[in-house]
Structures are given as structure tokens and as C-alpha cells.
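Overview (structure and organization)
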Amino acid sequence: MKPYVICHSLGSVDGKIKQNIWGYKDHHKYFEEPAAKIKADAWLVGRVTMQEFSSKKKHTLKKGRVNIPKEDFVGQYSTKTFAVVIDPSGKCLWDTNMVSTEHVIEVLTKKVSTAYLDHLRSKNVSYIFGGEESLDLELVLEKLNTLFGIKRVRIDGGGHVNGSFLKAGLIDEFSFVLAPIADGTTGSLTVFEVEEGYGKRKATRLKLKSVKKIFDDFLWIRYMVDKNKRS
Ligand SMILES: NC(=O)c1ccc[n+]([C@@H]2O[C@H](COP(=O)([O-])OP(=O)(O)OC[C@H]3O[C@@H](n4cnc5c(N)ncnc54)[C@H](OP(=O)(O)O)[C@@H]3O)[C@@H](O)[C@H]2O)c1
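Residues numbered from 1 in each chain as written. Predicted model: local features only at pLDDT ≥ 70, side-chain atom pairs only at ≥ 80, totals over all residues. Heavy atoms only, no water.

Describing the overall build of the protein chain
- Secondary structure summary: the protein chain contains 5 helices and 10 strands in total.
- The C-alpha atoms of the protein chain give a radius of gyration of 18 Å, which matches the 17 Å a tight globule of 231 residues would have.
- Dimensions of the protein chain, computed from the C-alpha atoms along their principal axes, are close to 55 × 40 × 35 Å.
- Within the protein chain, the proportion of its 231 residues that are buried is 46%.
- Look at the contacts in the protein chain between residues 6 or more apart in sequence, and 70% of them connect residues 24 or more apart. (Helix = DSSP H or I, 4+ residues; strand = E, 2+ residues; numbered from the N terminus. Rg over C-alpha atoms; globule rule 2.2 N^0.38 Å. Buried < 20%, exposed > 50% of the residue type's maximum accessible area, 1.4 Å probe, protein only. Contact = heavy atoms within 4.5 Å.)

Topic: the nonpolar core
- Core analysis: the biggest nonpolar cluster contains 30 residues, and Leu44, Val84, Ile105, Leu144, Ile150, Ile155 and Phe165 have the highest contact counts within it.
- It is helix H4 (residues 137-148) that contributes the most residues to this core, 5 residues altogether.
- Looking at which domains feed residues into this core, each of domain 1 (1-41 + 151-231) and domain 2 (44-54 + 67-149) gives three or more.
- Other than its neighbours up to four places away in sequence, Val84 contacts Ala42, Trp43, Leu44, Val45, Met50, Ile105, Val107 and Leu144.
- Grouped together as the second largest cluster of nonpolar side chains are 21 residues, Val66, Ile68, Cys92 and Phe129 included. (Core = buried A, V, L, I, M, F, W, Y, C linked by side-chain atoms within 4.5 Å. Domains from an automatic or database assignment.)

What to know about the site of the ligand
- In the vicinity of the ligand there are 23 residues, among which Leu10, Arg47, Thr49, Glu52 and His160 approach most closely.
- Taking Glu52, its side chain carries an N or O atom lying 2.8 Å from an oxygen atom of the ligand.
- One nitrogen or oxygen atom from the side chain of Lys91 is found 3.2 Å from an oxygen atom belonging to the ligand.
- Contact with the protein chains removes 78% of the 930 Å² of surface that the ligand exposes when unbound.
- Elements represented by at least two residues in the shell around the ligand include exactly strand S1 (4-11), helix H2 (47-50) and helix H5 (159-167).
- Partitioned by chemical class, the residues of the shell around the ligand number 10 nonpolar, 8 polar and 5 charged.
- Two domains each put at least three residues into the shell around the ligand: domain 1 (1-41 + 151-231) and domain 2 (44-54 + 67-149). (Near = heavy atom within 4 Å. Polar contact = N/O pair within 3.5 Å; in protein donor to acceptor, adjacent residues only side chain to side chain. Areas by Shrake-Rupley, 256 points an atom, 1.4 Å probe, with all protein chains shown as cover. Nonpolar A, V, L, I, M, F, W, Y, C, P; charged D, E, K, R; others polar.)

Regarding the layout of surface pockets
- Put simply, the largest pocket is a space of about 1,300 Å³.
- Where the lining of the largest pocket is concerned, the elements lending two or more residues are S1, helix H1 (28-36), strand S2 (42-46), H2 and H5.
- Grouping the amino acids of the lining of the largest pocket by side-chain chemistry returns 16 nonpolar, 16 polar and 11 charged.
- Residues from two domains meet in the lining of the largest pocket; each of domain 1 (1-41 + 151-231) and domain 2 (44-54 + 67-149) gives at least three.
- Size it by volume and the second largest pocket reaches roughly 380 Å³.
- As for the second largest pocket, its lining consists of 17 residues, of which Glu193, Val194, Glu195, Glu196 and Arg201 are closest to the centre. (1 Å grid on protein atoms, 1.4 Å probe; cavity = no way out; pocket = protein on both sides within 12 Å on 5 of 7 lines; lining within 4 Å. Points joined across faces, edges and corners; volume = space filled by probe spheres on them.)

A short note on the UniProt feature "domain: Bacterial bifunctional deaminase-reductase C-terminal" (unreviewed entry) in the protein chain
- UniProt feature "domain: Bacterial bifunctional deaminase-reductase C-terminal" (unreviewed entry): in the numbering of this structure it lies at residues 3-218.
- Annotation note: span residues 3-218, helix share 20%, strand share 24%, distance between end C-alpha atoms 29 Å. (UniProt positions renumbered as here; feature names shortened; annotations may be inferred.)

Brief notes about the side chain of Asn145
- Here Asn145 shows up in helix H4.
- For Asn145, the side chain forms a polar contact with the main-chain oxygen of Ile150, separated by 3.0 Å.
- Setting aside its immediate chain neighbours within four residues, Asn145 contacts Met1, Pro3, Ile150 and Lys151.

Digging into the pairing of S2
- The buried fraction of S2 amounts to 5 of the 5 residues, a majority that puts the element mostly inside the structure.
- Side chains of S2 alternate between two faces, with Ala42, Leu44 and Gly46 and Trp43 and Val45 buried alike.
- Sheet topology places S2 next to strand S3 (residues 82-86); 5 bridges connect them, and they run parallel. In the strand pairing of S3, Trp43 is matched with Ala83.
- Sheet analysis places S2 next to strand S7 (residues 152-155), joined by 3 bridges and oriented parallel. Bridged to Ala42 within S7 is Val153. (Pairing = 2+ DSSP bridges.)

Points about the domain arrangement of the protein chain
- Split by domain assignment, the protein chain resolves into domain 1 (1-41 + 151-231) and domain 2 (44-54 + 67-149).
- Each of domain 1 and domain 2 was reduced to a C-alpha centroid, and the two centroids are 23 Å apart.
- Facing the 18 residues of domain 1 at the interface are 14 residues of domain 2.
- Of the roughly 1,300 Å² buried at the junction of domain 1 and domain 2 (both faces included), carbon and sulfur atoms supply 64%.
- Broken down residue by residue, the surface that domain 1 buries against domain 2 is led by Met1, Asp41 and Phe165, which jointly contribute 33%.
- Secondary-structure elements contributing two or more residues to the side of domain 1 that touches domain 2 are S7 and H5. (Buried area = accessible area lost by both parts, 1.4 Å probe.)

The following block contains the structure:
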């Protein structure tokens, strides 16, 4: 069964997601507080975003080939919720198998080294393979359900991970915190980074589910993906 997927993002009126020049104190709350109200068994982020939470220490991986099969691994955990990272080449390093109250699941391709798998096993971090060289995101979602019982996933960014799930047509709902900010940078990250310019792909249409004024002058807008309007 494919879990239900809600993509959650905080953006400016021009769809930018990096807060470098926004000047907010306590900026995490604008993303986190609405996110916490979305019921989900797992949150999922891209490798770049997860590196804000993974180990900052220097870890030395074993040298040479380590005898570990490239098969899915479920580490020991006692949590009910999960932190999932799309990390195709195995770049996140870990001191523990937890981020906050969630058990970490790495989504890998078979490009990763067995020494990296050894690192993950030594920390009891779970991992699944989503493809040989590139990822099949539908397969990834299926495995999250089959191996961990995950029924609802909240995708928490950044722009590239949001964009790849959008392109694959796997998002059911979009939760957008619209900040009262006109960012105005060009070439900086947007909510959905899919591809440059206009190709054959059609944009995804959304249907308004609810809208609420929060933090005085922010809007929390929730949309359903209009599956009938996808080409
Ligand atoms: N405002 C918000 O709502 C919000 C939310 C989250 C994050 N952010 C910000 O966004 C920034 C990071 O965003 P980002 O777009 O640069 O990075 P990201 O989406 O966090 O991570 C992108 C990386 O994830 C991997 N990846 C994602 N989708 C993949 C796919 N389909 N197949 C293979 N690999 C895939 C790739 O890793 P490899 O490069 O290792 O191949 C890719 O480079 C940070 O500054 C963060 O603070 C903002």
C-alpha cells in the first residue's frame, strides 16, 4: 500500500524557501508549528536538509570492501514515528539512530559502499534500497509501508525532494505556510525544484482544502492535489 503523502513547506509570496534575508527571529516555528498539526507516521527530507540534523563529527569508514549484502536493513527501534532521508549516495553520517523522537531510515541506491552500510548498522540506523543507480520513489513509499507500517508521510523539503515527488505524481496533499515576505532573489530555491524551463511536463493543479490566518499575517493554505487534472 502506498502511504498517503502530504508535502509541507514554508515559502515567500514568490515561492522561495530559504530564509537567508527574511530577518525572522525564531524562524523555525513558522514551519514547525503547523507541521506538528499534520498527523503523520514519518517525516521525509532530502539529503541536504537532513545534513542539518545528522552528525557533524568526523567518522572514519572501514577501508576496502566490507562483507555486507546490499539488502534492506531494519535496525532496532522502539519509536512509533520515523525520520526518513533521501540519500542516494550515502552522505549523511550518524552518531545515533534518532532525530528528536524519530527513528532514522536512510533511502539509498546500490551505488553506496558496503563500508557505509557498516557505518549505518553500527548505529542501528535502518536503510532501504530504492533502486540501482536512481530512485523509484513509488517503490520507496511501498517499502516504508511494508517494512515499517508507515501509512502517512509528511515531506518536509527541501525544494529538490519536493520537486522529485511532485514530478513522480506521488503527492496527495500540499500544506503551504505563506510568509508575508517578498524575497525577490533570482535563481534561489523554490518550493518545487523540478526542471529548468518549459518542457512537456504539465504543472500540477491543486484544489483548496482550507486556509487559515496564523502568526498574525501568515497564511496556512492546505490543498488537495487534483488528480483528475494531471496529464
Ligand atoms: N522553507 C522550507 O519549507 C524548507 C524546508 C526544508 C528545507 N529547506 C531549506 O532547503 C534547503 C535544502 O533544499 P535542497 O532542495 O537544496 O535539498 P534537499 O531537497 O533537502 O536535498 C536534495 C538532495 O536529496 C537527494 N535527492 C532528493 N530527491 C532525490 C531523488 N528523487 N533522487 C535522488 N536523489 C534525490 C539528492 O542528494 P545527493 O545530492 O546526495 O545526490 C539531492 O541533492 C536548505 O537550505 C533547507 O534549510 C526549506
